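Here are the chains, one letter per residue:
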Amino acid sequence: MRFFVSSTLYYTISDQATLLCSLRCMRTQGQTVIEETLDRSREGACEELSLGMEENRFTLLEVTEPGDLTIQYEATVATKAVTKKIGALDYSGVHSLDAAVIPYLFPSRYAPADRMRAIADDLFGGILGQLNQALAIEDWLYQHIQYSVGNSTEQTWALHTFESRAGVCRDFAHLGITFCRALSIPARYVT
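Everything quoted here is computed from the prediction, not taken from an experiment.

Taking 1.5 Å per residue, 14 residues should reach 20 Å; helix H4 (residues 169-182) reaches 20 Å between its end C-alpha atoms and fits that length. Within H4, 11 of the 14 residues are buried, leaving the element largely enclosed by the surrounding structure. Among all positions in H4, only Asp171, Phe172, His174, Leu175, Gly176, Ile177, Thr178, Phe179, Cys180, Arg181 and Ala182 are buried. Once H4 finishes, serine 184 follows within two positions and takes phi at roughly 65°, a positive value.

Right, let's get into the environment of tyrosine 11. Relative to the elements of secondary structure, tyrosine 11 occurs in strand S1 (residues 2-13). Owing to a relative accessible area of 30%, tyrosine 11 belongs among the partly exposed residues under this scheme. When sequence neighbours within four positions are dropped, the list of residues in contact with tyrosine 11 reads Leu19, Gly67, Asp68, Leu69 and Ile71.

Strand order in this open sheet of 3 strands is S2-S5-S4, and the pairing throughout is antiparallel. Because the sheet does not close on itself, it has two edges, and the strands there are strand S2 (17-21) and strand S4 (46-51). On average, adjacent strands in this sheet sit at an angle of 20° to one another, irrespective of strand direction. The sheet contact formed by S2 and strand S5 (residues 56-63) spans 5 bridges and is antiparallel. Note that in S5 the partner of cysteine 21 across the bridge is threonine 59.

This part takes up the side chain of glutamine 130. Along the chain, glutamine 130 falls in helix H2 (residues 130-144). Under the relative-accessibility criterion, glutamine 130 is labelled buried at 18%. At 3.5 Å, the side chain of glutamine 130 and the backbone oxygen of serine 184 are in polar contact.

Moving on, we come to the packing of aromatic side chains. Remark: the centre distance and the inter-plane angle together describe each pair of aromatic rings, the angle taken between the planes. Tallied over the full model, the rule gives 6 aromatic pairs. Ring centres of tryptophan 140 and phenylalanine 179 lie 5.5 Å apart, and the angle between their planes is 85°; this geometry places the pair in the edge-to-face category. Taken together, the positions of tryptophan 140 in helix H2 and phenylalanine 179 in helix H4 put the pair 39 residues apart, joining distant regions of the chain. Of the two residues, tryptophan 140 and phenylalanine 179, neither departs from the other in class, the shared state being buried. Above the face of the phenylalanine 162 ring, arginine 165 is positioned so that its terminal group lies 4.4 Å from the ring centre.

Another aspect to go through is the environment of arginine 170. Examined against the element boundaries, arginine 170 turns out to sit in helix H4. When near neighbours in sequence (up to four residues on either side) are disregarded, arginine 170 contacts Ser152, Thr153, Glu154 and Tyr189. Among the polar contacts listed, one links the side chain of arginine 170 to the backbone oxygen of threonine 153, at a separation of 2.9 Å.

Overall, the coordinates contain 6 salt bridges when judged by the stated rule. Put simply, arginine 24 and glutamate 48 hold a salt bridge, and the shortest N to O gap is 3.7 Å. With arginine 24 in the loop between S2 and strand S3 (31-40) and glutamate 48 in strand S4, this residue pair connects regions lying 24 residues apart in the sequence. The partly exposed category is assigned to glutamate 48, whose relative accessible area is 37%. Arginine 57 is the partner of glutamate 36 in a salt bridge, and the nearest nitrogen-oxygen pair spans 2.5 Å. Here the residue glutamate 36 occupies a position in strand S3, and arginine 57 occupies one in strand S5, the gap between them amounting to 21 residues. With a relative accessible area of 4%, arginine 57 lands in the buried category.

When pLDDT is averaged across the protein, the result is 90; 95% of the residues are at 70 or more. Within the protein, helix H1 (residues 117-124) carries the highest mean pLDDT (98), whereas S4 carries the lowest (84).

This part is about the sheet that holds strand S6 (residues 67-79). Strand order across the open sheet formed by 3 strands is S1-S6-S3, with antiparallel pairing between neighbours. Only two strands of the sheet have a single neighbouring strand rather than two, namely S1 and S3. Pairs of neighbouring strands in the sheet enclose a mean axial angle of 15°, with direction left out of account. Where S1 lies against S6, 12 bridges are found, and the strand directions are antiparallel. Paired with isoleucine 13 across the strands is glycine 67, a residue of S6.

Parameters and conventions
- Residues numbered from 1 in each chain as written.
- Predicted model: local features only at pLDDT ≥ 70, side-chain atom pairs only at ≥ 80, totals over all residues.
- Heavy atoms only, no water.
- Helix = DSSP H or I, 4+ residues; strand = E, 2+ residues; numbered from the N terminus.
- Expected span 1.5 Å × (residues − 1).
- Buried < 20%, exposed > 50% of the residue type's maximum accessible area, 1.4 Å probe, protein only.
- Contact = heavy atoms within 4.5 Å.
- Pairing = 2+ DSSP bridges.
- Axes fitted to C-alpha atoms, helices over the stretch in contact; angles between N-to-C directions.
- Polar contact = N/O pair within 3.5 Å; in protein donor to acceptor, adjacent residues only side chain to side chain.
- Phe/Tyr/Trp six-rings, centres within 6.5 Å; stacked < 30°, edge-to-face > 60°.
- Lys NZ or Arg CZ within 6 Å of the ring centre and 35° of its normal.
- Salt bridge = Lys/Arg side-chain N within 4 Å of Asp/Glu carboxyl O.
- pLDDT = per-residue confidence, 0-100.

So this is what it looks like as structure tokens:
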């Protein structure tokens, strides 16, 4: 499947600055970046960095003078959808996981699985099978969390969303990830 991605960012720079932007689409076995451009309204040092297990792509921009800055990224990307029959989703515990997904079990700033383990266990621990648990988490989020713009900020974490019962897309994702990780189901956030 092919799709087109476009993003435009507008900044007012008050002093010399270094910007680390996470704009570029990832290149993975299942995703090919066919074409991409990154344009900016001002000249300056620009370097691409690849970090992490999945080679997240960042752009480091140096701005030496105050003023307005516009950054525009566009890409055409092809992905391969991989489907599996539900019966093929056999999971027999952490010991059977591919090592590459182990980090997606760890608690993080936005997904404090260690702090919410008891809540996840109370809500979903009695459900047999991790696929069924994941589906129950999805249903629970839909039934108990209200989509509410302005209820959260970029600092909001899963426990806040759980307590307030409201949030936006990323808050639903962070809470779902937290519940999954707390139940030893690898989960990650991808944008």
